[in-house]
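# Examining the three-dimensional arrangement
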Amino acid sequence: MIDKRIIPLAIGGLGIGTTEFTIMGLLPDMAKTLQITIPEAGHLISAYALGVVIGAPILIGYSVKFPPKKVLIALMILFTLFNALSVVAPDYTTMMIIRFMAGLPHGAFFGVGTVVASRLAGKGKEAFYISLMFTGLTIANLAMVPLVTYIGHTFHWRWYFAIVAVIGLLTLLSLKLWLPVMERKEDSHFLEELKFLKRKQSWLVLLITAIGFGGLFTWFSYITPLMTVVAGIKSSQMAYVMILAGGGMVVGNLAGGFLSDRLNPEKTCCLLLFLMMSSLAGVYFLSEYQNIALALTFVCGALSMSVSAPINIMMMKAAPKSEMMAAAFMQAAFNIANAMGAFLGGIPLEYGLSFNYPALVGVGMTFIGLMISIRYMYLYRSASDEGEEIVAECVSYDP
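Attention here is on the structure that accompanies the text.

Conventions we followed
Residues numbered from 1 in each chain as written. Predicted model: local features only at pLDDT ≥ 70, side-chain atom pairs only at ≥ 80, totals over all residues. Heavy atoms only, no water. Phe/Tyr/Trp six-rings, centres within 6.5 Å; stacked < 30°, edge-to-face > 60°. Helix = DSSP H or I, 4+ residues; strand = E, 2+ residues; numbered from the N terminus. Core = buried A, V, L, I, M, F, W, Y, C linked by side-chain atoms within 4.5 Å. Buried < 20%, exposed > 50% of the residue type's maximum accessible area, 1.4 Å probe, protein only. Contact = heavy atoms within 4.5 Å. Polar contact = N/O pair within 3.5 Å; in protein donor to acceptor, adjacent residues only side chain to side chain. Expected span 1.5 Å × (residues − 1).

## Digging into the packing of aromatic side chains
A complete count under the given rule lists seven aromatic pairs for this structure. A ring pair is formed by Tyr284 and Tyr357, whose centres lie 5.2 Å apart and whose planes are at 80°; its orientation type is edge-to-face. In this pair, Tyr284 sits in helix α13 (residues 265–286) while Tyr357 sits in helix α17 (residues 357–379), placing the two residues 73 residues apart along the sequence. By the ring-pair criterion, three or more aromatic residues cluster together here, those being Trp157, Tyr160 and Phe161.

## Re the nonpolar core
Counting residues in each nonpolar core, the largest one holds 125 residues, and the members touching the most others are Ile208, Trp219, Phe220, Met227, Ile311 and Met315. Element by element, the count of residues in this core is highest for helix α5 (residues 92–121), at 13 residues. Not counting residues within four places of it along the chain, the set of residues in contact with Met227 comprises Gly232, Ile233, Met238, Val241, Ala293, Leu294 and Thr297.

## Description of the side chain of Ser86
Counting through the fold element by element, Ser86 comes out in helix α4 (residues 68–86). Given the relative accessible area of 0%, Ser86 is considered buried. Looking at Ser86, its side chain comes within polar contact range of the main-chain oxygen of Phe82, at 3.0 Å. Sequence-distant contacts of Ser86, defined by excluding residues within four places in its chain, comprise Met95, Ile98, Arg99, Trp157, Arg158 and Phe161.

## Digging into the environment of Ser118
Checked against the element boundaries, Ser118 lands in helix α5. Measuring from C-alpha to C-alpha, the distance between Ser118 and Ile6 comes to 10.0 Å, with 112 residues separating the pair along the chain.

## A look at helix α16 (residues 323–350)
Across its 28 residues, α16 extends 40 Å between first and last C-alpha, which sits within 8% of the 40 Å expected from 1.5 Å per residue. Across the 28 residues of α16, 22 count as buried, placing the element largely inside the fold.

Right, dumping it as structure tokens:
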């Protein structure tokens, strides 16, 4: 039976995953209402992602002074408030500001949640409890994103933000009822948590994440026009396409952990980046063939989540004493990838090119990430042999 104390963190992940990924399926609807172009609507994705990037280190740095339960409740209040305000945002500029504000607590929530999950678990179950927290993100992509995409497309996209706000309220209630009170980390402060940034190893992991995996967001950010315009799928069928992508994410999340356990994380990361580059090239060349486009939707969805286990283990090696801040920075890096993918992927569209061209930009980004990953593997090959020991220290560390 699942420990009910971890459920609030999973529900929070469900809400965060729903707000982050549903917007990609509703870009044309939002563009029409706000009287902007689809590439301009894509900047709303970038605004949220930039909020995550800025909010993660600042809010984590401030939050180490307070007990984790209070911090998580405060972060979820911010998340719920700004998603609720998105329901009534009257114009594009206001929506941009609100989406930026809504992104601020995202990375900090997962940073604190990762440490809380490991403390709830007890010795030997830390990784499993952390994975339970991220199950919320998986369920969001498999079930909530297609469901909310359908609701938003059928009725109005503003229902999307209303549903996210309701999930935020449920998270707050469950945090209050089920998450136990925990003491803050007495010997930690902002500068102490940032020490891991002095290591080149940490920066390489962040670069691999931000650039390499940004390539997939060039595809995912514009998946609706890609599938409807290029592949010829009806708009009313996009909810099923999102289910397909979500199913791929579930499989990819499990496969990434499986591979990382059997290879080392560095080799797994290189392999996944090569597969991403190949699949994005397939999207560029073959998306006009509907069945192939659907198959690539599943594959790209799987690859988008397969990185979670290996890349986070690589960061744990680089930051064994700053796990909360490192976890927040990883969320920031993933959302830099989100922002870069949405922005750079939109450039070909600004010049009137077809909706398969963002994937070509993604090929270039994943190639750069692959080169950095290969460099990392050779620089820290000896460190990878000690990886299991270091990871064990990280997850068993009791703040």
